[in-house]
Amino acid sequence: MSTTELPANHAELMDGVYRWQRHIYDLTRKYYLLGRDQLISGLDVPAGGTVLELGCGTGRNIILAARRYPDACFFGLDISAEMLETAGKAIDREGLSGRVTLARGDATDFDAVSLYGIERFDRVFVSYSLSMIPGWEKTVSAALATLAPNGSLHVVDFGQQEGLPGWFRAMLRGWLRKFHVTPRSTLREVLESESRRNGATFRFRTLYRGYVWLAVIGPRNLASPSMEEVAPKARAGMKR
């Protein structure tokens with residue numbers, strides 16, 4: 001497992017939060033981290049492809065993705081040494097250590113070549129991590145910078161619960177604050193802006209009355225069933 005220079009405060013905070021929670025994380029989070037399986041099914045990884053997960057946590061998502069796409073190689077990045085310890089053990093138990101490589105690093109500023117010996121990935125995905133990362137916009141830029149030609153970035157995270165009652169939103173936000181989680185109100189705006197800047201297609205979908213936002217930035221030929229393709233007028237001036 002590789003390491004890189006980390007922002008000590010955030011790394012220590014995440015280790016503190018998850019030192020004990022990591023043992024029950026997957027059992028409890030399955031009830032409210034919704035949309036993760038939809039993201040995995042939409043990755044559509046090419047045979048022999050490479051996939052990077054930013055904020056891989058306990059390894060739950062990367063293990064499911066590795067099972068679904070058995071011809072691909074997977075790479076996980078997380079800032080928490082505690083979470084990576086749990087992920088590494090889970091990956092070993094599943095017999096996937098030959099196809100999954102983990103590294104410790106900051107998702108806002110990382111060097112894929114020094115960590116994994118790979119410069120570009122066919123797919124990059126981020127699941128419920130942008131809502132925890134200070135300077136999360138940099139993570140979006142860093143993820144896009146590592147995409148191979150015809151690669152795609154897939155994001156799932158908390159939406160703004162726009163179709164849900166106000167009391168539910170208030171209760172959820174209060175609960176999430178206990179875990180240093182802040183749903184990003186500008187997530188769609190930032191992703192759409194980055195897609196225009198990169199001359200890419202942006203697809204967006206809300207689930208469960210806005211509880212979940214699911215997005216994909218990728219090439220025009222990317223198959224994303226049930227995803228809304230956004231801003232056709234803006235795309236008219238994009239690079240070809």
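See the structure printed just above.
Quick summary incoming for the structure in this document. (Residues numbered from 1 in each chain as written. Predicted model: local features only at pLDDT ≥ 70, side-chain atom pairs only at ≥ 80, totals over all residues. Heavy atoms only, no water.)

A closer look at the overall build of the protein
Going by this rule: What counts as a helix is a DSSP run of H or I of at least four residues, what counts as a strand is a run of E of at least two, and both are numbered from the N terminus. When checking whether two residues touch, look at their non-hydrogen atoms; a contact exists if any pair is within 4.5 Å.
The secondary structure content of the protein amounts to 10 helices and 8 strands. In the protein, the share of contacts with a sequence separation of at least 24, taken over all contacts with a separation of at least 6, comes to 74%.

Some remarks on the pattern of salt bridges
The cut-off we apply is this: Any Lys or Arg side-chain nitrogen found within 4 Å of a carboxyl oxygen on Asp or Glu counts as a salt bridge.
In total, this model carries 5 salt bridges according to the counting rule given. Among the ionic pairs, E85 bridges to K89, the shortest N-O distance being 3.3 Å. Taken together, the residues span about one helical turn, with E85 and K89 both in helix α5 (residues 81-93) at a distance of 4 residues. One salt bridge connects E192 with R196, and the closest N-O pair in it is separated by 3.6 Å. Remark: R196 and E192 occur in helix α9 (residues 187-197); sequence separation between them is 4 residues, near one turn of the helix.

Quick notes on the packing of aromatic side chains
So the rule is basically this: Side-chain rings of Phe, Tyr and Trp, where Trp is taken by its six-membered ring, are said to pair if the distance between their centres is within 6.5 Å; with planes under 30 degrees apart they count as stacked, over 60 as edge-to-face, and otherwise as tilted. Exposure classes here rest on a 1.4 Å probe applied to the protein chains alone. A residue is buried below 20% of its type maximum, exposed above 50%, and partly exposed in between.
One pass over the structure, following the stated rule, counts 10 aromatic pairs. With a centroid separation of 5.8 Å and 75 degrees between ring planes, the pair formed by F158 and Y211 is classed as edge-to-face. With F158 in strand β5 (residues 147-158) and Y211 in the loop between β6 (201-207) and β7 (212-218), the pair connects residues that are 53 residues apart, well separated along the chain. Given a relative accessible area of 2%, F158 falls into the buried group.

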